[in-house]
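# Notes for the structure review
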Amino acid sequence: MIVETEAYLGVEDRAAHTFGGRRTPRNESMYRDGGTAYVYAIYGLHFCLNVVAGAPDHPVAALVRALRPVEGLELMRAHRGVQRDTDLCSGPGKLCAAFGIDRALDGVDLVAGDSLWVETGPGGPDVAVGPRVGVDYAGEWAARPLRFAVRGDPNVSRPRPPGWAPG
DNA sequence: TTCATGATTGAC
DNA sequence: TCAATCATGAAA
């Protein structure tokens, strides 16, 4: 269950890979239709998964930052090498490792349900909003409230956004 | 072909 | 707080 996301807003967003209209082999899937997966490698060590959310040639996407593991916990533990449930998918790189997601899944249709897909869930209004993580270089865009996390969920990555703690 | 850097993580 | 580690993209 997706419990944390960040929005990356097209060509104007200085923190986005598509800033300024850049179109490269890496970010090509960002320019595809909504429902497409955008998977990229980062820091030479990890992968991050995005759900493309715009119309074709309008490159906006949601970075999936954390999940609450529901099924396949044993396989996730094997992939991650950790035991605690909240260490399995509590970060964008972690959840890709847990699921075995890499660039081979870049561009797949997340609606069709072939290999990797997203299903609708309960959702709800109990969401904390805050600035995105690791984008300090993005000027005023670094402060924009584009990070969304389920309040009180222990799988939300650190640092927790303001208002995450219930109460 | 070279060089700088990052939508991170984990250890100290 | 800091190093690991390399795909990616821009410059040369």
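Use the structure listed above.
Description of the structure in this document.

## Quick notes on the side chain of threonine 86
Structurally, threonine 86 can be placed in helix α2 (residues 85-88). A polar contact of 3.0 Å, which involves the side chain of threonine 86, links it to the side chain of arginine 84. Filtering out sequence-adjacent residues up to four positions away, threonine 86 remains in contact with Pro154 and Asn155.

## Points about the protein's contact with DNA strand C
Close to DNA strand C lie Arg22, Thr24, Pro25, Arg26, Tyr43, Gly44, Leu45 and Arg103, which account for all nearby residues. Here DNA strand C approaches the protein such that, of its atoms within 4 Å, sugar and phosphate make up 74%. Separating a phosphate oxygen of DNA strand C from a side-chain N or O atom of arginine 26 is a distance of 3.4 Å. Its residues assigned to classes, the surface near DNA strand C shows three nonpolar, two polar and three charged.

## Considering the packing of aromatic side chains
Tallying each qualifying case throughout the model produces one aromatic pair. When the ring centre of tryptophan 141 is taken as reference, the NZ or CZ atom of arginine 144 above it lies at 4.2 Å. Positioned above the aromatic ring of tryptophan 164, the side-chain terminus of arginine 160 is 4.2 Å from the ring centre.

## Thoughts on unusual backbone geometry
For the bond from arginine 158 to proline 159, the omega torsion is -5°, close enough to zero to count as cis. Positive phi values are uncommon outside glycine, yet tyrosine 43 reaches one of about 55°. Along the chain, tyrosine 43 turns up in the loop between β2 (37-42) and β3 (46-52).

## Thoughts on the protein's contact with DNA strand B
What surrounds DNA strand B is a group of 21 residues, the closest being His17, Tyr40, Asn50, Gly93 and Tyr137. Within 4 Å of the protein, the atoms of DNA strand B are drawn from sugar and phosphate moieties in a proportion of 52%. One nitrogen or oxygen atom from the side chain of arginine 65 is found 3.1 Å from a phosphate oxygen belonging to DNA strand B. Between DNA strand B and the protein, one listed contact pairs a phosphate oxygen with a backbone N or O atom of proline 92 at 3.0 Å. Taken together, the residues that form the surface near DNA strand B break down as 11 nonpolar, seven polar and three charged.

## With respect to helix α1 (residues 73-80)
Along α1, the residues that are buried comprise Leu73, Met76 and Arg77. For α1, the angular spread of the buried residues around the axis is 100°, confining them to a single face. Facing away from the buried surface of α1 by more than 90 degrees, the exposed residues are Glu74, Leu75 and Ala78. Packed against the buried residues of α1 are α2 and α3 (92-99). Where α1 terminates, the next one or two residues include glycine 81, which has phi positive at roughly 75°.

What counts, and where the lines are drawn
- Note on numbering: residues in each chain are counted from 1, in written sequence order.
- Lettering of chains starts at A and numbering of ligands starts at 1, both following the order in which they are written.
- Totals for whole chains, interfaces and linings use every residue, but because this is a predicted model, local features are given only for residues with pLDDT of at least 70 and side-chain atom pairs only at 80 or more, for both listing and counting.
- Side-chain measures here rest on the full set of heavy atoms in the structure, leaving out hydrogens and waters.
- Secondary structure is summarised from DSSP: a helix means a run of H or I of at least four residues, a strand means a run of E of at least two, and numbering begins at the N terminus for each.
- Between N or O atoms, a polar contact is any pair within 3.5 Å; within protein, one atom must be a potential hydrogen donor and the other a potential acceptor, and residues adjacent in sequence are included only when both atoms are from side chains.
- Any two residues having at least one pair of non-hydrogen atoms within 4.5 Å are treated as being in contact.
- When we say a residue is near a molecule or strand, we mean one of its heavy atoms is within 4 Å of it.
- Only Asp, Glu, Lys and Arg are considered charged in this grouping, and only Ala, Val, Leu, Ile, Met, Phe, Trp, Tyr, Cys and Pro are considered nonpolar; every other residue, Gly among them, is considered polar.
- Here the aromatic set is Phe, Tyr and Trp, taking the six-membered ring for Trp, and pairing holds for ring centres within 6.5 Å; pairs whose planes are under 30 degrees apart are stacked, those over 60 apart are edge-to-face, and all others are tilted.
- The criterion for a charge sitting over a ring is simple: Lys NZ or Arg CZ within 6 Å of the ring centre, and within 35 degrees of the ring normal.
- Partly exposed residues are those whose accessible area sits between 20% and 50% of the maximum for their type, while under 20% is buried and over 50% is exposed, using a 1.4 Å probe and protein chains only.
- Relevant arc is that of directions from the helix axis to the C-beta atoms, nothing else.

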